[in-house]
Amino acid sequence: PRDGPAGRAVIVGSGLIGRSWAMVFASGGFKVILYDIVQQQITSALENISKQMRELEKSGMLKGMLSAEKQFSLIHGCSDLKEALEGATFIQECTPENLELKKKIFGQLDLMVNDDIIISSSTSCLLPTKLFTGLKHVKQCIVAHPVNPPYFVPLVELVPHPETDPSTVEKTYALMKKIGQSPVKLTREIDGFVLNRLQYAVISEAWRLVGEGIVSPTDLDLVMSDGLGMRYAFIGPLETMHLNAEGIKNYCERYREGMIRVLKTFGPVPEFSGEIEQKINQAMCENIPVEDIPKSINARREWRDECLAGLAKLKTQMKFN
Ligand code: NAI
């Protein structure tokens, strides 16, 4: 076990994602400074993290080599940005998804940081050219887009600005590995990055199939959760092709025509509104009502997070070789 901090990470914005990042960094032995403009957010983040870490330790799901107590002792709150940045090696920005707000924050950080620190944004949708263009330290800026909840879903999409230094990408990649995440590199920015582009491809065909009355909303979801999703937690669509025939070439030989024929029957981009929206909403709310939000939807969210924690554990047991 490491007994000294591996580095110092500053979390800017201590909401849902910031808290989760803090836990991930601490699990990797990093000293973590939680910063927010709302003091109450820092206080509740620390309480929440302490509680979660103890529960995770009890259930054997705590990440990293250090005890919950030791990990928690690495995390400190700070409500002064300048002070928070002292000695920091990495900044993970986790403020609300608002371009003007984020630009203002990066502008502030740009004036305070040295030439070594990495400035990373958790943004789900905003492109690096929108966020970082014109900053003096643009070479040190990158998007590191996590998946909710990052503590159990390790993927991080690394998206560079055209002026991001290659060493920033490499350092961020190595750091993400070190803290137990699973980074992927995009060579350049694209709207939706990769994860959401794949997700939207699935959502739009799901919407069309339900809209055309071919399958019910609940059965559609079962096709993923009891079908495709079973393998996708372990292997991706390309490896699936490779394994489902005698390699990719053989798969294309066998299924090329069929894939193209089916793909040509896909409809236009759905409106995601009107009758189909109502139908899907009704089906979802039958099982998980949203009116009394705290109860049923939160219970289902908790169950989902438990499933993801269990799956994360299974994935480490099922490592190939
Ligand atoms: P949130 O609303 O839970 O937390 C945002 C925090 O930022 C709040 O604590 C707020 O007080 C603080 N804040 C606001 N202005 C600030 C400022 N000027 N300086 C410092 N802190 C400030 O938001 P959430 O869900 O944690 O999202 C944060 C980022 O992570 C967004 O960019 C979002 O797109 C991204 N993200 C969110 C995911 C999700 O599922 N929620 C998944 C992946 C990325």
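Refer to the preceding data block for the structure.
Residues numbered from 1 in each chain as written. Predicted model: local features only at pLDDT ≥ 70, side-chain atom pairs only at ≥ 80, totals over all residues. Heavy atoms only, no water.

**Remarks on the pairing of strand β7 (residues 155-160)**
For clarity, the threshold we go by: Each residue's exposure class comes from its accessible area (1.4 Å probe, protein chains only) as a fraction of the maximum for that residue type: buried when under 20%, exposed when over 50%, partly exposed otherwise. Each helix is a run of DSSP H or I of at least 4 residues and each strand a run of E of at least 2, with the numbering of both proceeding from the N terminus. Here a strand pair is declared whenever DSSP counts at least two bridges between the two strands. For crossovers, right-handed means that the path from the first strand over the helix to the second runs clockwise, given strands pointing away from the viewer.
Counting buried positions along β7 gives 5 out of 6 residues, so the element sits mostly inside the fold. Two strands pair when backbone bridges link them, and β7 and strand β8 (residues 182-185) are joined in this way by 4 bridges, in the parallel orientation. Bridging across to β8, Leu155 finds its partner in Ser182. Tracing the backbone out of β7, into helix α7 (residues 166-178) and back to the parallel element β8 gives a crossover that is right-handed.

**Considering the sheet that holds strand β5 (residues 118-121)**
Under the convention used in this document: Here an axis means a line fitted to C-alpha atoms, over the contact stretch when the element is a helix, while the angle between two N-to-C directions is reported on a 0 to 180 degree scale. Residues count as neighbours in contact if any of their non-hydrogen atoms are within 4.5 Å of one another.
If you trace the 8 strands from one edge of the open sheet to the other, you get β3-β2-β1-β4-β5-β6-β7-β8, paired in mixed fashion. Lying at the two open borders of the sheet, with one neighbouring strand each, are β3 (75-78) and β8. With direction set aside, neighbouring strand axes in the sheet form an average angle of 25°. Judged from the 5 bridges that link them, strand β1 (residues 8-12) and strand β2 (residues 31-35) form a sheet pairing that is parallel. Bridged to Ile11 within β2 is Leu34. Against the sheet, helix α5 (residues 99-112) touches β1, β4 (90-93) and β5, its axis set at about 170° to β5.

**Regarding the pattern of salt bridges**
As a reminder, the rule being used: Between Lys or Arg on one side and Asp or Glu on the other, a salt bridge is scored when a side-chain nitrogen of the former is within 4 Å of a carboxyl oxygen of the latter.
Counting across every chain of the model gives 6 salt bridges. One salt bridge connects Lys185 with Glu170, and the closest N-O pair in it is separated by 3.3 Å. Linking Lys185 in strand β8 with Glu170 in helix α7, this pair joins segments that are 15 residues apart in sequence. It is possible to trace a salt-bridge network through shared partners that takes in Glu93, Glu97 and Lys102.

**As for the side chain of His161**
This is how the line gets drawn: Any pair of nitrogen or oxygen atoms within 3.5 Å is treated as a polar contact; in protein, a donor-acceptor pairing is required on top of that, and neighbouring residues in sequence qualify only through side-chain atoms on both sides.
Inspection of the secondary structure puts His161 in the loop between β7 and α7. Since its relative accessible area comes to 4%, His161 is described here as buried. Of the polar contacts made by the side chain of His161, one reaches the backbone nitrogen of Glu163; its length is 2.9 Å. Apart from the residues lying within four places of it in its own chain, the contact partners of His161 are Pro128, Thr129, Phe132, Thr133 and Val138.

**Remarks on the packing of helix α8 (residues 195-211) against helix α9 (residues 217-232)**
We apply this condition: Crossings are sorted by hand: turned counterclockwise from the far helix by less than a right angle, the near helix makes the crossing left-handed, and turned clockwise it makes it right-handed. Under the scheme applied here, ten amino acids are nonpolar (Ala, Val, Leu, Ile, Met, Phe, Trp, Tyr, Cys and Pro), four are charged (Asp, Glu, Lys and Arg), and all others, including Gly, are polar.
Where α8 contacts α9, the axes come no closer than 10 Å and their chain directions differ by 145°. Between α8 and α9 the crossing geometry is right-handed. Across from Val202, Ala206, Leu209 and Val210 in α8, the residues of α9 making contact are Pro217, Leu220 and Met224. Classifying every residue of the contact of α8 with α9 gives 7 nonpolar, no polar and no charged.

**Topic: the environment of Asn244**
Positionally, Asn244 belongs in helix α10 (residues 237-244). Residue classification places Asn244 among the partly exposed residues on the basis of a relative accessible area of 42%. Taking the C-alpha atoms as reference points, Asn244 and Gln41, 203 residues apart in sequence, are found 49 Å from one another. Every residue in contact with Asn244, bar those within four places of it in the chain, is listed here: Arg231, Tyr251 and Arg254.

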